[in-house]
Amino acid sequence: MVSTEATGLAWALASVFLFGSFAVTIKTPAMQQARVHPIVIQCYKSTACFVTSFLVLLLRDFKFSYWGVLGAGIWVLNGIAAIAAVQCAGIGVSQAIWSAVTSKLHVDDPT
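Fair warning: this is a prediction, and the values are worked out from it, not measured in the lab.

Draft legend 1. Just the overall build of the chain, in detail. A count of helical and extended segments in the chain gives six helices and zero strands. The order of α-helices and β-strands along the chain, N terminus first, is α-α-α-α-α-α. Every one of the 111 residues in the chain was classed for burial, and the buried ones make up 14%. Restricting the contact set of the chain to residue pairs at least 6 apart, pairs at least 24 apart contribute 79%. Approximately 9,000 Å² of the chain is accessible, and the part contributed by carbon and sulfur atoms is 73%.

Dropping the structure here:
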């Protein structure tokens, strides 16, 4: 059986390639020409995340939490803002700013 550390490392490496890749499609010529609203893109992204998240239930038991509902609501609002930022400022600038702010918030967290 694979160790927990090795499994965690594998998921971390996968996230390096997959996390944030939603922004790439926003800057394609077809999406820019269609002028798709950020809320529509977020609906697609949320639906994909919701459907694929159920794959985890093949490995873990389901446990409902209202904290999860709150987190999902915050994630949706954050996603809409991120999509609007990418449409206005571009991928590089937007992702650099939200990554830096997120890192700073985690560094300053006293817990």
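Here the narrative resumes, following the displayed structure.
Draft legend 2. Here's a closer look at the packing of aromatic side chains. This model, assessed by the stated rule, comprises two aromatic pairs. Ring centres of Phe-50 and Phe-54 lie 4.9 Å apart, and the angle between their planes is 85°; this geometry places the pair in the edge-to-face category. Judged by relative accessible area, Phe-50 falls into the exposed class, the value being 55%. The interplanar angle of 85° and the centroid separation of 5.0 Å between the aromatic rings of Phe-64 and Tyr-66 together place this pair among those described as edge-to-face. For Phe-64, a relative accessible area of 49% gives the class partly exposed. On the basis of relative accessible area, Tyr-66 is assigned to the exposed category, the value being 67%. Note that Lys-45 overlies the ring of Trp-75, its terminal NZ or CZ placed 4.9 Å from the centroid.

Draft legend 3. Representation of the side chain of Ser-94 within the structure. The topology assignment puts Ser-94 in helix H6 (residues 91-108). Engagement of the side chain of Ser-94 in a polar contact is seen with the backbone oxygen of Gly-90, the distance being 2.7 Å. When sequence neighbours within four positions are dropped, the list of residues in contact with Ser-94 reads Ala-85, Val-86 and Ala-89.

Draft legend 4. Seen up close, unusual backbone geometry. Positive phi, close to 50°, is recorded for Arg-35, a residue that is not glycine. Locating Arg-35 in the fold gives a position in the loop between helix H3 (29-34) and helix H4 (38-53).

Draft legend 5. Layout of H4. Between its first and last C-alpha atoms H4 spans 22 Å; for 16 residues at 1.5 Å apiece the expected length is 22 Å, and the two agree. Inspection of H4 places Pro-38, Ile-41, Gln-42, Lys-45 and Ser-46 among the buried residues, and these make up the whole buried set. Down the axis of H4, the buried side of the element spans an arc of 130°, and every buried residue falls inside it. Opposite its buried face, H4 presents the exposed residues Tyr-44, Phe-50 and Val-51, each directed more than 90 degrees away. Close packing links the buried residues of H4 with helix H2 (22-26), H3 and helix H5 (66-89).

Draft legend 6. Region of interest: the packing of H4 against H5. Following both chains from N to C, one finds H4 and H5 inclined at 130°, their axes separated by 9 Å at the closest point. Here H4 is positioned oblique relative to H5, judged by the angle of their axes. Viewed along their axes, H4 and H5 form a crossing whose handedness is right-handed. The residues of H5 that touch H4, namely those facing Pro-38, Ile-39, Ile-41, Gln-42, Lys-45, Ser-46 and Cys-49, are Trp-75, Val-76, Gly-79, Ile-80, Ile-83, Ala-84 and Gln-87. Taken together, the residues that form the contact of H4 with H5 break down as nine nonpolar, four polar and one charged.

Each value, and the rule that gives it
- Residues numbered from 1 in each chain as written.
- Predicted model: local features only at pLDDT ≥ 70, side-chain atom pairs only at ≥ 80, totals over all residues.
- Heavy atoms only, no water.
- Helix = DSSP H or I, 4+ residues; strand = E, 2+ residues; numbered from the N terminus.
- Buried < 20%, exposed > 50% of the residue type's maximum accessible area, 1.4 Å probe, protein only.
- Contact = heavy atoms within 4.5 Å.
- Areas by Shrake-Rupley, 256 points an atom, 1.4 Å probe, with all protein chains shown as cover.
- Phe/Tyr/Trp six-rings, centres within 6.5 Å; stacked < 30°, edge-to-face > 60°.
- Lys NZ or Arg CZ within 6 Å of the ring centre and 35° of its normal.
- Polar contact = N/O pair within 3.5 Å; in protein donor to acceptor, adjacent residues only side chain to side chain.
- Expected span 1.5 Å × (residues − 1).
- Arc of directions from axis to C-beta.
- Axes fitted to C-alpha atoms, helices over the stretch in contact; angles between N-to-C directions.
- Parallel < 35°, antiparallel > 145°, perpendicular 65-115°, else oblique.
- Left-handed = near helix turned anticlockwise from the far one by under 90°.
- Nonpolar A, V, L, I, M, F, W, Y, C, P; charged D, E, K, R; others polar.

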